[in-house]
Structures are given as C-alpha cells and as structure tokens.
There are 2 protein chains.
Amino acid sequence: MPDAPTRTDPDRLRTLVPRLRAICGEDGVVTDASRRRTYESDGLTYHAEVPGVVVLPRTAEQVAAVLRLCSEEGVPFVPRGAGTGLSAGALPRADGVLVVTSRMRRIVEIDIDDECAVVEPGVANLDITRAAAPHGYYYAPDPSSQQVCSVGGNIAENSGGAHCLKYGFTVNHVLGLQIATPQGELVRLGGKAPEAPGYDLMGAFIGSEGTLGIATEVTVRLLRAPEKVTTLLAAFDTVDAGGAAVSSVISAGVLPAAIEMMDALAIEAAEAAVACDYPPGAGAVLIVELDGPASDVDADAAEVRRLCTGSGAFEIREASGAAERARIWKGRKSAFAAVGRISPAYIVQDGVVPRTALGEVLGDIARLSAESGIRVANVFHAGDGNLHPLVLFDDAEPGAGDRAAEVSGAILDLCIRHGGSITGEHGVGVDKACQMPRMFDPADLETMDRFRAALDPGGTANPEKLLPTPRLCGERPGVVKGAHPHPLVAEGKAELF
Amino acid sequence: MPDAPTRTDPDRLRTLVPRLRAICGEDGVVTDASRRRTYESDGLTYHAEVPGVVVLPRTAEQVAAVLRLCSEEGVPFVPRGAGTGLSAGALPRADGVLVVTSRMRRIVEIDIDDECAVVEPGVANLDITRAAAPHGYYYAPDPSSQQVCSVGGNIAENSGGAHCLKYGFTVNHVLGLQIATPQGELVRLGGKAPEAPGYDLMGAFIGSEGTLGIATEVTVRLLRAPEKVTTLLAAFDTVDAGGAAVSSVISAGVLPAAIEMMDALAIEAAEAAVACDYPPGAGAVLIVELDGPASDVDADAAEVRRLCTGSGAFEIREASGAAERARIWKGRKSAFAAVGRISPAYIVQDGVVPRTALGEVLGDIARLSAESGIRVANVFHAGDGNLHPLVLFDDAEPGAGDRAAEVSGAILDLCIRHGGSITGEHGVGVDKACQMPRMFDPADLETMDRFRAALDPGGTANPEKLLPTPRLCGERPGVVKGAHPHPLVAEGKAELF
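Residues numbered from 1 in each chain as written. Chains lettered and ligands numbered in written order. Predicted model: local features only at pLDDT ≥ 70, side-chain atom pairs only at ≥ 80, totals over all residues. Heavy atoms only, no water.

All names here are of chain A. Assigned domains of chain A: these are domain 1 (107–224), domain 2 (228–337) and domain 3 (343–427). Of note, the centres of domain 1 and domain 3, computed from C-alpha atoms alone, are 30 Å apart. Counting from both sides, the interface comprises eight residues of domain 1 and, opposite them, eight residues of domain 3. Applying the counting rule to domain 1 against domain 3 returns zero salt bridges. Linking domain 1 with domain 3 are one residue pair in polar contact (both at pLDDT 80 or more), by the criterion used here. Looking at the side of domain 1 that touches domain 3 residue by residue, the class counts come to four nonpolar, two polar and two charged. (Domains from an automatic or database assignment. Contact = heavy atoms within 4.5 Å. Salt bridge = Lys/Arg side-chain N within 4 Å of Asp/Glu carboxyl O. Polar contact = N/O pair within 3.5 Å; in protein donor to acceptor, adjacent residues only side chain to side chain. Nonpolar A, V, L, I, M, F, W, Y, C, P; charged D, E, K, R; others polar.)

Here the focus is the pattern of salt bridges. Under the defined criterion, the tally for this structure stands at 50 salt bridges over all chains. A salt bridge links Glu315(A) to Arg317(A); the shortest N-O distance between them is 2.9 Å. A salt bridge links Arg450(B) to Glu446(B), with the shortest nitrogen-to-oxygen separation between them at 2.9 Å. Within this pair, Arg450(B) and its partner Glu446(B) are both found in helix α16 (residues 442–455), separated by four residues, close to a single helical turn. Here the residues in one salt-bridge network are Arg12(A), Arg19(A) and Glu73(A), joined through shared partners. (Helix = DSSP H or I, 4+ residues; strand = E, 2+ residues; numbered from the N terminus.)

Take the packing of helix α13 (residues 358–372) of chain A against helix α14 (residues 400–417) of chain A next. Residues and elements named next belong to chain A. At a minimum axis separation of 10 Å, α13 and α14 run at an interaxial angle of 160°. Judged by the inter-axis angle, α13 sits roughly antiparallel to α14. Handedness of the α13/α14 crossing: right-handed. Within the contact between the two elements, α13 uses Val361, Asp364, Ile365, Leu368 and Ser372 and α14 uses Arg403, Val407, Ala410, Ile411 and Leu414. For the contact of α13 with α14, the class distribution of residues is seven nonpolar, one polar and two charged. (Axes fitted to C-alpha atoms, helices over the stretch in contact; angles between N-to-C directions. Parallel < 35°, antiparallel > 145°, perpendicular 65-115°, else oblique. Left-handed = near helix turned anticlockwise from the far one by under 90°.)

Right, let's get into the sheet that holds strand β3 (residues 77–80) of chain A. Residues and elements named next belong to chain A. Strand order in this open sheet of four strands is β1-β2-β4-β3, and the pairing throughout is mixed. Since the sheet does not close on itself, it has two edges, and those belong to β1 (29–30) and β3, each with one partner. Pairing of β1 with strand β2 (residues 53–55) involves two bridges; the strand directions are antiparallel. Within β2, the residue paired with Val30 across the bridge is Val54. Against the sheet, helix α1 (residues 10–24) touches β1, β2 and β4 (97–100), its axis set at about 10° to β2. Together, β2, β3 and β4 form the strand contacts of helix α3 (residues 60–73), whose direction differs from that of β4 by roughly 165°. (Pairing = 2+ DSSP bridges.)

The operation relating the two chain copies consists of a rotation about an axis and a shift along that axis. In the superposition of chain B on chain A (RMSD 0.0 Å, axial shift 0.1 Å), the rotation amounts to 180°. What the superposition gives is, in effect, a two-fold axis relating one chain to the other. Of all interface residues in chain B, 100% are interface residues in chain A too; the two copies therefore contact each other through one and the same surface. (Least-squares fit on C-alpha atoms with pLDDT ≥ 70 in both.)

For the structure shown, the criterion picks out six cavities of 30 Å³ or more. In this structure, the largest cavity encloses a volume near 90 Å³. If you go around the largest cavity, you meet 13 residues; those closest to its centre are Ile179(A), Leu201(A), Phe205(A), Leu455(A) and Thr447(B). For the lining of the largest cavity, the element with the most residues is helix α7 (residues 201–205) of chain A, which contributes three residues. (1 Å grid on protein atoms, 1.4 Å probe; cavity = no way out; pocket = protein on both sides within 12 Å on 5 of 7 lines; lining within 4 Å. Points joined across faces, edges and corners; volume = space filled by probe spheres on them.)

Residues and elements named next belong to chain B. An order of β5-β6-β10-β8-β9 is seen for the five strands of this open sheet, with the pairing classed as antiparallel. Each edge of the open sheet carries a strand with a single partner, namely β5 (107–111) and β9 (186–190). The sheet shows a mean angle of 10° between the axes of neighbouring strands, direction not considered.

Spelled out as structure tokens, the structure:
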C-alpha cells in the first residue's frame with residue numbers, strides 16, 4: 001500500500017487562492033465557509049469533509065491549469081461532477097482543491113452521420129438523449145440519477161443503469177475523451193474512428209474514479225431509438241420463482257434491454273413512497289423491458305410471458321404506452337429513496353455475482369437477515385447479477401448501525417465467495433477502498449498502484465480513494481478495518497478562510 | 001522517446017539456457033540454429049531476425065517463471081502465438097527469448113450457463129467456436145486467419161474481423177484474463193462477473209502487443225448462434241456506387257453483421273486464385289451478411305436488396321446455404337494471398353477512416369494510384385471504415401518497392417488527415433512504430449511510455465515494438481524515417497549456439 005500523502009499546510013493552501021482566481025476568474029473560486037460546506041459530501045452522506053477551496057472552471061484549459069498548479073504545489077485535488085456518487089468518490093479534502101465541473105455544460109456537437117455526440121463533462125446524462133431525440137437517437141447508459149448526474153461522473157464511475165444487460169456500461173459507449181492529466185496536460189484518448197493504435201488507456205480511465213485526472217470533453221456513441229419498446233411487469237409469490245423466471249428467459253436466448261427484480265420489502269417501500277400500484281401480495285416482481293424491431297419485440301414479449309407463467313407468475317401486466325411504462329419504472333427507480341419511508345436509516349449495498357449464483361446468494365441473504373433480525377430489501381439488476389440489497393436499521397437504537405454494517409459486509413463476502421465483485425456500479429471511492437484486499441491479492445494491488453503512480457507521479461489526484469492506504473485501512477495490508485457506516489473523522493470542519 | 005535497450009551479451013544469453021530448461025523442460029527450449037530460424041518472422045516476412053533462444057512453455061507458471069528470469073537478468077523477451085501477425089509484433093530478437101504459446105492449447109471450460117469459455121492462449125480462434133457449436137454458441141471475433149491464429153495473439157493485437165461492424169473487436173468479447181506480468185507475477189484481470197472495481201487494465205492489456213506481459217488464460221464471451229444468416233453479394237459498376245449503397249444501408253438503420261467491399265483489381269485477383277465466380281464486369285462487389293432472428297433477417301435482406309438496387313447494383317445474389325455462403329466468402333478471405341497471382345509483390349496496408357469519409361478517401365486513393373502508376377487493389381470492411389489497400393509492385397524493378405512504399409505511406413496520410421487511424425486491426429508492431437508520432441503528440445506518447453514503464457519497469461517486454469524509439473526512428477522525435485517495406489537489418493543471422 002502507498003503511504004498516505006502528508007496533509008497540506010492550510011497557510012500554503014491559502015496562498016494558492018489568488019493563483020486559482022487568475023485561472024478560473026473571481027467567480028470561479030469559492031472560499032466562503034458556508035458555500036464550501038454545501039460540497040461536504042456526495043450522495044453517500046455519512047462521509048463528509050468540508051473542502052479547503054472549491055473551483056468552478058469553465059474550460060478544459062482552466063481544468064488543466066488548476067491541476068498543473070496542484071501538481072507543482074503538491075496539493076491534492078478532488079474532482080466532482082453533480083455529486084450524486086454513492087461511494088464517497090467525490091469526498092472533498094480540507095487540505096485540497098475541489099474541482100467542480102458543473103459549469104462545463106455545453107453540448108459541443110450532435111453528429112448524426114457518425115452517430116455520436118461531443119459534450120463537456122458537466123452535461124447531465126439525460127440531456128444528451130434530449131439533444132439527440134429529435135434525430136431519432138439516444139444515449140444508452142441510464143443510471144437511476146440520470147436526470148442530474150453528470151457525464152464526467154459517469155465516466156469516473158463507469159456507471160451502469162437498468163439497461164446494462166443489453167447495452168453494457170459507460171465504457172461501452174465512450175468513443176473518445178480529452179482528459180486533463182494530474183500534471184495538467186491535455187491528452188486525447190480514442191476518437192470518432194473505431195480503433196486507435198497504442199494502449200487503450202480510455203478503458204482504464206473510465207472507472208478510475210478521478211485518480212487519473214479529469215475528463216474535459218467526452219465523445220459518446222449515440223444509438224438509434226428502437227422501433228418498439230414493451231415493458232412487462234410480472235408478479236410472483238417468491239423471489240425464488242422470480243429468479244427461476246430470469247434464468248429461463250436468459251436460457252431461452254431472449255436478451256431483454258432490462259430485467260429488474262424487487263422483493264416484497266422493496267415493493268412495500270415503493271408503494272409507500274410513490275403508490276406505484278404493483279400487484280398486491282407479490283413476494284417479488286420482475287420488470288422485463290424489450291426493445292428493438294416491432295416484430296422481434298412482439299415475439300419476445302410473448303415468449304417472456306410464457307416463461308414467466310411457467311415459473312409461477314400470478315399476474316403479468318404490459319405497459320400500453322409511455323405513461324404506463326413510466327409508472328412501472330417509477331416504483332423501481334424510486335426504490336432506494338423509498339426505503340426511507342419504512343425505515344429510519346439504511347445502507348445501500350452494491351455487489352455482483354455471476355448470474356447463475358443469484359438464487360443461492362439470495363437464499364443466503366434471506367438467511368443472514370433472519371438470523372440477525374436485520375431487515376434486507378432487495379432491488380437488483382437481475383439479468384446481470386448486480387445486487388442492491390438495502391439493509392434497514394434504526395439509527396436511534398444503540399448498536400443497530402453496527403449490526404446492519406455487519407450484515408452489509410457479510411453480503412459482500414457472499415459476492416466475493418461466489419466469484420463476484422464488491423461493487424457493480426457504485427464504485428469504490430473511500431467507502432470500499434479497504435475492501436479491495438478482499439478481492440485482489442498484493443500483486444494485483446501493487447500493479448494498480450504502479451499504474452496510478454505512472455499517470456499521477458505526484459499523488460495529487462483524488463488521493464485515498466479507490467485503493468487502500470495505511471491511514472484508511474490500518475497498517476497491515478489485507479486486514480480490513482471496520483465496514484460502513486463508519487464515517488471518517490470529519491477533519492475539515494475547521495474554518496480555513 | 002525511451003532509449004533503446006542495450007543489447008544482451010550473447011554469452012549471458014547462453015548462460016540462461018540451463019535455467020530455462022529447468023523451467024520448461026528439455027523439450028521446451030529450442031537452441032538449434034535451424035529450428036530457431038523457423039521463427040524468424042511473423043506474417044510480415046520482410047522483417048526478420050533469428051531469435052536467440054525459443055521457449056515453449058506448457059503452463060501459466062512456466063510462462064511467469066520465464067518472464068521473471070528475463071526480468072532478473074535484464075534479457076528481453078518477445079511473445080509469439082501462431083505467428084500470423086501482420087505488423088511484425090512478434091519479430092524475434094537475436095539477443096532475447098522468444099516465448100511461444102503454441103503448447104498451451106487446452107480449452108479449460110465451456111460454461112454455457114454463464115455463456116463463456118475459458119481457454120489457454122495458444123488455442124486457435126476457430127477452435128473456441130468448434131467447442132461451443134454443439135451447445136448452439138460461437139465466439140464472435142473472426143480474423144481472416146481464424147483457422148490458425150491464436151487467442152493470445154488476438155488479445156495482443158485486439159483483432160477484429162469481417163464481423164466487427166456488428167460485434168466489435170476482441171476487447172468487446174474478453175471477460176477475464178490471467179496474465180504473466182513482465183516481472184513474472186501472475187495477475188487476474190476481470191472475470192465472469194460483469195464488472196470489477198479498480199482500474200480496468202484489461203482494456204489496456206488487450207491490444208498492447210506483448211509489451212505488458214503475456215496472457216496465460218483467457219475467459220471469452222460466447223454468443224448464441226443466430227437463428228438465421230443471409231449472405232448477399234451485390235455487384236456494382238463502380239466503387240462509388242458500392243460506397244453509396246453502404247451509406248444508404250447504414251442510414252436506413254440496418255446493422256448487418258458484415259459489409260465488405262472489394263474493387264475490380266481485388267476481384268480480378270480473387271478470381272485468378274480461387275475462381276470465386278463473382279459477377280463478371282463488376283467494378284466493385286459488396287458482401288452484406290445479416291444475422292439474427294429469421295423474421296428480422298428476411299426483412300433486412302429485402303431492405304438491403306432494395307437499397308443496393310437503388311444505388312445501381314446490376315446483380316444481387318443470395319447464398320441459399322452454407323456452401324454458397326462459404327463460396328462468397330472464399331473470394332474475400334483469400335483476397336490478400338490472391339493478390340500474389342496478379343503481382344510479384346505487394347504491401348498490405350491497414351488504415352481507418354470515419355465511415356462518412358470513405359467515398360472521399362477512396363477517390364483520393366484512385367488519384368494517387370493514377371498519378372504514380374502504382375496499382376492499388378482495395379479490400380475493406382466498408383461498414384466500419386477499415387481499409388485494406390493492397391499496393392502492388394514488381395520487386396524485380398529497381399525503385400518500384402520504394403515508390404509503392406510511398407503510395408502506401410500516402411494512404412496512411414489520407415487516413416490521418418480524415419481523423420482516422422494508422423491501423424485498424426493489424427497493429428503497430430515494428431512496422432508502424434515510427435508512424436505513431438504522426439497520430440500522437442509528445443504528451444500522448446509520453447503518457448503511453450509512462451504507462452508501459454509502470455508495468456514493465458525493466459523494459460524487457462517486447463522492446464522496440466508499438467512505441468517509437470530513437471534506434472528505430474531516428475533521434476529527433478516526430479521525424480519519421482522511411483516507410484515500409486524497409487526491413488530492419490537482420491542482426492540475428494549469426495549463430496548463437
């Protein structure tokens with residue numbers, strides 16, 4: 001493990017401010033304490049630290065100049081898009097510069113001939129589809145936060161979404177990037193042509209969680225909007241029956257755009273929050289969405305109905321239009337937030353298992369829940385084995401948080417034991433950095449460290465995220481200190497300015 | 001540019017032999033001069049150098065141990081699969097160890113539940129499909145050499161094939177790798193689960209041309225064989241008319257599995273070699289292959305016929321069965337070799353342009369050819385803008401090779417000027433290393449160098465391939481010395497053992 005970087009002296013950080021103002025303009029640098037405090041966490045709010053200084057660049061050149069200055073001065077920087085991340089990847093540092101891309105929101109080009117769009121990193125995910133829709137095109141990756149999350153953040157996290165099963169992750173849709181390296185060079189990776197020689201560092205950059213620099217311009221693939229979309233909602237008595245239906249659909253060679261599953265507790269939460277009106281009494285629901293040429297979609301929908309019925313579905317609904325489709329999805333997309341209606345506090349877990357292990361892992365989670373008395377609601381991308389267990393607890397009850405964290409950690413153990421992964425799409429950030437030695441051996445981690453150091457020799461790019469460090473995880477590599485929700489000490493509360 | 005590594009003293013290389021024998025066994029180390037000579041080049045035979053010693057490991061552990069020994073001793077190694085590469089990426093070194101994976105041919109697992117196969121790197125590309133076919137599955141990437149080329153080599157080159165348009169390159173089909181790093185560690189990247197945290201070094205490894213180590217085990221995605229395949233052959237008077245048909249097919253939203261084009265000269269060569277019986281008098285033929293559910297394929301085939309006719313096709317044939325399909329493809333797949341029937345010598349070029357620039361670039365190539373009096377036959381993956389111009393010359397005529405090389409180089413200039421790339425699928429190797437500064441600026445190349453050095457700090461992994469070095473390209477970065485076919489001095493002809 002690399003050493004933790006030494007913390008920047010507040011006086012030195014203060015001397016940077018005029019130089020940052022020279023780069024980003026007066027209104028592009030935030031030093032006011034109450035304004036800085038609004039950036040103290042991303043979507044994972046139990047990690048918080050007030051940033052030492054916040055910059056809001058408007059151009060790629062400004063981003064590069066800020067990073068160059070940080071590199072020259074040995075000051076850490078943390079990139080932030082819309083702040084919707086769920087692994088504290090954009091957790092600020094009191095001793096560093098928070099670089100926020102929210103002013104870089106220009107859609108540079110919608111190029112229908114080459115079926116791509118060129119955008120700045122602060123553009124919201126859904127805005128690409130909005131700009132492409134008049135031409136009959138759309139941008140495929142669709143995280144639940146797509147109305148607000150930024151494309152730059154999607155690249156940092158290699159974001160997925162409900163439709164990854166058929167369409168893949170962000171990495172499958174980015175054709176080219178301009179990035180500002182941690183030393184402040186602007187470099188181009190990939191482009192509109194389908195293949196480029198040399199190392200494909202684009203794949204490594206995507207999902208690197210801000211540790212290799214900041215994307216300053218993004219070229220994404222646009223897909224032609226499908227001729228037809230059909231959304232089915234199938235209700236089952238049990239999660240097992242729903243899981244069997246998923247297996248039979250995949251085995252039959254049908255490739256839906258999405259297969260989502262929610263269990264009884266998740267349904268209860270969604271009903272309480274958004275009255276999505278799912279079939280009463282369901283132990284599990286499946287949302288199966290099919291898209292493509294109309295003739296295919298109709299044939300596949302008939303097949304999916306047959307297979308769901310064969311696996312015990314007691315009710316199957318089909319959305320007959322956009323409004324009904326939106327209503328079916330509303331329950332699913334609001335599920336995380338909805339859990340707040342039925343529990344004072346909860347942990348959103350994110351793990352992956354090979355699809356074939358899904359049934360067994362769900363059984364194990366149910367057993368864990370029964371044994372511990374901790375309720376677990378399951379919402380997941382069933383088609384690709386990406387689980388989002390929601391571990392519920394009452395934070396007013398002493399020790400409940402710790403017991404929930406234990407169950408949440410045990411769920412990750414299950415994922416690892418079945419050959420899966422500690423995160424599907426929420427990333428590692430600060431939150432799971434100490435879990436990395438559970439998946440990777442020292443040689444693997446050392447290879448990643450060397451790679452990181454090659455592109456960030458000064459160690460200024462989002463330090464202490466993604467990879468374990470002694471300060472975060474204790475001195476003995478492989479020994480995991482705690483699990484969440486164990487907030488870091490919020491060191492940044494002191495006023496710098 | 002990094003310095004060229006100093007050459008290993010032959011005596012020191014000789015002292016390695018007993019240690020290599022201890023690792024790979026007596027029969028796993030080749031020192032005999034005439035046997036070594038059979039490895040002197042890959043598919044690009046005008047670069048040749050006899051390897052100092054050849055090893056034939058049988059296991060991942062043996063590969064790692066050989067690489068570790070090379071690293072400890074500072075001896076370069078060159079990886080080689082089946083030796084079918086077309087950029088001299090497997091060009092041996094007289095001062096180094098050639099690591100050949102041809103004995104690692106085990107298909108470890110065909111896992112139909114998880115739709116993947118686990119294989120050793122020496123397995124031939126087509127053997128994966130042969131093993132998966134009884135289950136109704138296949139492996140999609142299909143370079144023309146697929147009967148013999150190895151999966152490990154496909155990974156080194158990120159190989160494409162005729163069906164990349166719809167199915168993508170090798171990188172889109174690899175789920176996981178075990179690699180031996182240049183320092184001799186065995187590291188796992190990716191796996192059967194769809195996403196893993198940490199840096200996605202798999203994407204960077206795929207296409208790294210042996211400069212980051214050797215893949216010792218490969219997990220590839222298997223696809224379900226399509227319900228129906230239809231292959232159309234459309235004949236046009238001119239390349240322009242064929243190009244217009246390609247544009248109209250893509251614009252109509254039809255996504256064929258393959259769209260291949262051959263011009264009159266390429267057709268002439270194919271006829272001379274394999275009597276493929278294409279429509280007489282064609283100035284260009286298109287092969288359009290459609291696959292998927294039968295109802296789609298039939299609808300798309302009708303649409304493609306209509307669009308080709310609208311663009312001036314004077315004859316359209318449809319393969320009515322596997323034998324006819326094979327015959328249509330035979331002309332295309334044999335085209336490179338076939339050119340030998342109509343010209344004593346030729347250069348196979350490999351470049352990419354954005355699809356929308358195809359018509360213009362082909363016009364420019366015709367003009368280049370007319371002005372220089374050098375014949376150019378065009379065979380290309382029309383759907384994704386990957387050109388394979390074959391530049392013909394008579395090597396008995398003084399200066400003809402140089403003039404052909406000039407035309408070949410000018411074609412790459414065209415590709416670069418149109419925002420394309422100097423290689424689509426054949427790789428950089430030795431052959432195009434000196435062209436890299438034409439595409440990448442010093443900051444880009446330095447980033448790649450740092451990345452390479454992070455994973456290969458000793459510089460022993462396939463040195464002087466992929467990235468330019470002073471020895472290969474002259475002392476001044478950015479200045480390109482010559483173009484091919486300028487064989488390297490064959491320094492390895494001296495007998496070491």
